[in-house]
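# Summary of structural features
Spelled out from the first residue to the last, the chains are:
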Amino acid sequence: MGLFTQSLDVVLTEGGVLSALTWRGQRYDVLEEPLQWYERRKWWEEEQRAERGRGRGLVDHEIWRVQARGARDGDLRTFDLSHHVSSGRWRMIRLHDAVREEAA
Amino acid sequence: MKGGFVHLDVATAYSAHYGVSRPADLAAAAGADGQDALACTDRDGLYGAVKHLGACIEQGIDPILGVNLAILSGVGSPRRAGSPPRRHVIGRVVVLARGHRRGAGYAALCRLVSAAHGMDGVGDAGKAGARIVGVTRDVLADYASGRRLRPELRLAAGEEPLLTVLLGPESDVGQAAVGHDHRLLRRRLSAWRRALPEGALALAAVTHLNVPGSRLSTSHAVRITRAGRESGLPVVLTNAVRYADPDGAATADVLDAVRAAQPLQQLAEEQEAWQPNGQGWLKSTASMIRVAQSVGQAAGGVEVAVDLLEQTRRIADLSRLDPVADVGWGLPVVPEARIIGIDGDPDRELKQRCEAGITRLYNGPALPRLGRADEAALRDRLEDELSVIAELGFAAYFLTVAEVAQLISDLGIRNAARGSGASSLVNYLLGISHVDPLKHDLIFERFLSRRRTTLPDIDIDVESAERHRVYREIFDRFGAERVTLMSMQNAYRARGAVRDAGLALGLEPERIDDIAKQLWRFSAGSFREALEEKPELARFAEQVSSHRQLDLLVDLTERLDRLPRHISMHPCGVILSDASLLDRTPVQASGLGLPMSQFDKHDMDPMGMIKLDVLGVRMQSAMAYAVAEIRRLHGSAGEVAAAGAHGTDYVHSDGTIMLEHIPQDDEATFELIRSTHTLGCFQIESPGQRELVGKLAPQRFNDLIIDISLFRPGPMKSNMVKPYLENRHGFAPEVYPHPDLRPALAETHGVTVFHEQILRILNVMTGCAYDEADVLRRYLGNPDREPEVEEFFRTEATRKNYDRAVVDEVWETLRAFGSFGFCKAHGAAFAVPTYQSAWLKTHHPEAFLAGLWEHDPGMYPKRLLVAEARRLGIPILPLDVNESDVSYRVQRCDDGRLGIRLALSGVYGVSATEVRRLRAGQPYGSLSDVRERSGLRRVSLERYAALGAFDSLQRGRGNRADLVRHWGRNAAASVPARYQPIAGQLPLPLPDLELATLQLGAPAPTAEETVGTELDLLSLDVSAHLMDSHAGTLRRLGTTTAADLLGLRNGSEVLVAGIRVATQTPPMRGGRRVVFISIDDGTGCVDCTFFHEAQQASAPFLFGTRLLLIHGITRRTGPRGISVQAVQAWDLADAASLPDREELPDARQLARHRASPVPQLRAAERLDTLMEAEGLDNRVAAS
């Protein structure tokens, strides 16, 4: 499993569900309905302010786990993406080894 | 979804250190989302329940009440044979009361919560804090089935269970569901099924959408759902709510850190200790449907999701409460008639007791008979009051309060009603109040009327030292099932908030401490604002801008501001009710050991609970002490009268002064008050009040009522003080807007001071009755209602032919007066102890001061009263092992004067037990005797020696320092008990070995060192004034003493120095803060005012520094008063930092541009600001 943190472009369905993403110049199409959860952030380390009325996205961020197939190389990969709610930015945070994931 | 989703698991902010949002915000969020019901399930209690009921009624949604409780293991192994089994927590569950069961569901919930606190005769009670709050499954089952309820409730309840128990993620079942151990889960679940009655159990699935597989993840919820479906139990969906919206999540993190007493960083490493993410808010119906779908999908399909939502709805429906029928919302409940000793009609009983009061107070053999007109007025008034009381059905309430007042008097404890209760003749006749409302023109409708249907407040002041005894007696008298103490919610304030926010961020404690100390009376909610404005925070503000953690600290402090922290015993509230009380409020142990309701004062009216404020007043104790001391000293009426130069009519033959009967026109007492030497007198000792009594120069009792009433924010804000003083002294003519108003306003020279006068004005000019007038008065100052009052007033007054100019003028007064005025009844009730204390100070100053030292009632440190004794020429007799008593005693000196002997108690670090033993062993013949019989520890011997308590036993051999050294070297070893003389037997007159072996040669302490020791150990400077040691410095600087200040002209430049005795920061008044610092220099007090620039120049010394040097100019405040407008202050103890006299800037120059052009005006403004500060403080203290 690799650890990353880089921003990337995604395509969402009208219902707000991730359908495709572009990573290292390759487009990946999402195969199954992605898993989604919320992970805590170390906001007291990362943030300058935590004022009242700050709203959502301070304490946790949205994580999506997607299985997607590369449009060019046809490889199956599992990505963990974080979605920062207030900025709307998507980042790649983990890349799972596709084969091992499938075997597990 | 019709009716919306219903949240069944919601912690409010009243779950201390857990919940974030107030009930009102939660109910508003639910209401706005179209949810038609909402639960409040605080942890360990119903702390937020009444606020929740109120908020739901306001939102028009159904309230549901429950509690989140720890479940204790059923069988514990005893630590040793015979001791109660040790139980441990096996998880937490949510328990909901069933509704529409004639209160039985709610009663079961209340009793269950009390039981969880060891207060319902179940399980091991133990002291507060000593036991784990929680119940076993079996006890829970007993309440759920109704087995433990009173028979009549049980019958009303029927067969169905009264409680629903939700097993969620925090329960033992839910914990098992995190892993994959299905057998453990099933075993735990069947234990619950066996224990609880059929139908009482449900499972609760919760997902905070945490990382798959972990606690509070969707898979966790799925496993709980499956377990429920397999076993045929209903499964509901909740969100384990802790905050109304996502923004609360960060606050919850901080609360988790505070609860665990660990920084956030550390919590992050132990995931179990806190919320896994920030998803615990009151999610919308739409969100909860989505959550149900995702759980359903994983657990078996759409029908699972539908079932989750339906079961949630079904349990919610079972739990909807009818606030009136289930909880008794708004229905006052008084003790049963037989309990207050009546068997007939309460109204008739009340009338009879009032008749008895008339005989006792007006027509008794020793009293002057009432004239015919007075008699008629009295009868009319009584008739009137009784008919209102009868109509409202409050007779039993008055009889109850009378019963309590009687009980206190029978104990021989001083008591007096305070507040508007003094307006009632019935209260006077029943002996509840000691103020005659007819004599002082007090209006009953201000207290109670047909238009005020909530139970009136009657507050009873008692001697503070006897308060707990009074409480116990009330419990005994009425029965523990009808009485409980009230609690109060303690909320975060600036210092606590910054400490806990700092803890969460992991800042070093010393650093936090430094910051916390600088926070001075402002709301933490406006911390950031304060940083910009307050000079003493300037250094911190600078750090904030460059330090990320401090920036966060400010934000987190603001988040914590005003959140409830814990409940404690209310300082005076006692709840009295009938035998159903404990079905209506849960109780827990108070610090006193007596049960305390989980409800606070705001909850009383809605819950129909009678609250009696039994207030401990230190001044009452001080006066009781003084009276006892006078009796002990003089022994007979004649001696007492001779010693105090007063009459004997009100002195009992044994020498007890009956303060209730002292004449209220004693010229000497008024002379003392006018001299402004009122330190120690009730209500009139503060700097502002001393200034006001000086200006007002009271001559009669009524003047005192006016003085106390003027010293309030209301009369001050509406600018009543200055015109009143001017009219009073004839500087300005009295002006009445209309001759009709003369009767109402004459006593205050045309100026409106009292609520009662507002009522009379409205009555005269509009013809409305007093009860209606009081309603109108309450609307004044309320922007929504005031316009209708104006409309009514203008219309009716015009109809009664008052012309436009008069109407305009009077309306302006009414508007300005707003709702801020002061009730004359309050003033009258306060004036009684004020006058009594001034009378005692005038006639028996030694005993009075001894009482003050003993009970410490005032706003000043005790050492200032030592200075006052010195000023009065009263000798202060040193601590002496044989002469001193446990308390401060008045003793006759060799020269015949009366002096005050310092007490054995009050020495730092000496325990009460040691003091008692030392006293019991008196007299001591020698140092050896002291060592052998006193039982004092070595350190205590050293302390008493340092204070000179053994000087008399040293018989001139060596000095204190020798003895301190001696005790220190030779560890005290007292003689074995069998060699000690038995009681009554005097020790053999052996030569004092101790004294003989005393090594001499230690340098005797200097006067300065002696004073230092006294301050350290007694917090008093007795042998000399603390400032004496700075005499050299002060001479060099050329300071002026307080005594000399009065001789200076207005506007003189001065340096003053002294010890801080009072600091006040009034709320902002149209702009910048003003700080008042009073210092004492041994000749009296100097009151100094710091305006903005002076605060900036003196920033480091404004709040912490004890010894101050202050540069400023004098400001006349009245014929006998003068104060200093400060320019700059220094720390007198830091000699190097002090300025040179020659280098001081011109204070007049500096002061001029910020003083207003007319010094008099400035002084008046200063008084206003002072009054505002103190008036508000008084109001806070009284509420």
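The paragraphs below set out a description of the structure included in this document. All residue numbers refer to positions counted from 1 along the written sequence of the respective chain. By the order in which they are written, chains take letters starting at A while ligands take numbers starting at 1. Two thresholds apply to this predicted model, a pLDDT of at least 70 for residue-level local features and 80 or more for giving and counting side-chain atom pairs, whereas whole-chain, interface and lining totals are computed over all residues.

### Thoughts on the overall build of chain A
This is how the line gets drawn: Only DSSP runs of H or I with at least four residues qualify as helices, and only runs of E with at least two residues qualify as strands; both kinds are numbered from the N terminus onward. Here exposure depends only on C-beta density: within 10 Å of a residue's C-beta, 20 or more other C-beta atoms make it buried, 12 or fewer make it exposed, and intermediate numbers make it partly exposed, the C-beta atoms being placed from the backbone. This entry defines residue contacts through backbone-placed C-beta atoms, with two residues in contact when those atoms are within 7 Å.
When its secondary structure is counted, chain A shows two helices and eight strands. Going residue by residue from the N terminus, the α and β elements of chain A occur as β-β-β-β-β-α-β-β-β-α. Each of the 104 residues in chain A was classed as buried or not, and the buried ones make up 22%. Across chain A, contacts joining residues at least 24 apart in sequence account for 44% of those joining residues at least 6 apart.

### Here's the deal with the interface of chain B and chain A
Opposite the 25 residues of chain B that make contact, chain A presents 20 residues. Contributing elements (two or more residues each) for the side of chain B that touches chain A: α9 (248–260), α10 (264–267) and α23 (548–560) of chain B. Here the side of chain B that touches chain A gets seven residues from one element, more than from any other, and that element is α23 of chain B.

### Points about the packing of helix α1 (residues 23–32) of chain B against helix α2 (residues 49–59) of chain B
Residue and element names in this part refer to chain B. The test is simple: The axes are straight lines fitted to the C-alpha atoms, using for helices just the contacting stretch, and the angles between their N-to-C directions are given from 0 to 180°. In these notes the angle categories are as follows: under 35 degrees is roughly parallel, over 145 is roughly antiparallel, 65 to 115 is roughly perpendicular, and the rest is oblique. Throughout, a crossing is termed right-handed when the near helix is turned clockwise from the far one, and left-handed when it is turned anticlockwise from it by less than a right angle. Under this grouping Gly is polar, as are all residues other than the nonpolar Ala, Val, Leu, Ile, Met, Phe, Trp, Tyr, Cys and Pro and the charged Asp, Glu, Lys and Arg.
At a minimum axis distance of 8 Å, the contact between α1 and α2 shows a crossing angle of 30°. In this view, α1 runs roughly parallel relative to α2, as classed from their interaxial angle. Remark: the crossing between α1 and α2 carries right-handed chirality. Every residue of α2 that contacts α1 at Pro23, Ala24, Ala27, Ala28 and Gly31 is listed here: Lys51, His52, Ala55, Cys56, Glu58 and Gln59. In terms of residue class, the contact of α1 with α2 is made up of six nonpolar, three polar and two charged.

### A few points about the sheet that holds strand β17 (residues 898–901) of chain B
All names here are of chain B. The line we're drawing: Strand pairing requires that DSSP identify at least two bridges connecting the strands.
Taken together, three strands build an open sheet; the order of strands is β15-β17-β16 and the sheet is mixed. Looking at the sheet topology across the chains shown, the edges are occupied by β15 (876–877) and β16 (889–892). Two elements, β16 and β17, share four bridges in a ladder whose sense is antiparallel. Among the inter-strand pairings, Gln891 is bridged to a residue of β17, identified as Gly899. Running at roughly 10° to β17, helix α39 (residues 845–855) makes contact with β16 and β17 of the sheet.

### Let's talk about unusual backbone geometry
Residues and elements named next belong to chain B. Following Gln922, the chain continues into Pro923 via a peptide bond in cis, with omega recorded as -5°. Along the chain, Pro923 turns up in the loop between α41 (912–920) and α42 (927–933). Its identity is not glycine, yet Arg102 carries a phi of approximately 50°, on the positive side. Mapped onto the secondary structure, Arg102 falls in the loop between β3 (89–97) and α3 (104–116). Residue Ala240 is not a glycine yet carries a positive backbone phi of 40°. Mapped onto the elements of the fold, Ala240 is located in the loop between β7 (235–237) and α9. C-beta crowding within 10 Å serves as the criterion here: with 23 such atoms nearby, Ala240 is assigned to the buried category.

### Structural notes on the environment of Ala491 of chain B
All names here are of chain B. Summarising the element assignment, Ala491 is placed in strand β10 (residues 483–491). Look at Ala491 and you get partly exposed, because 17 C-beta atoms sit within 10 Å. Beyond its immediate stretch of four places on either side in the chain, Ala491 contacts Arg562, Leu563, Pro564 and Arg565.

Geometric values such as these leave the question of function open.
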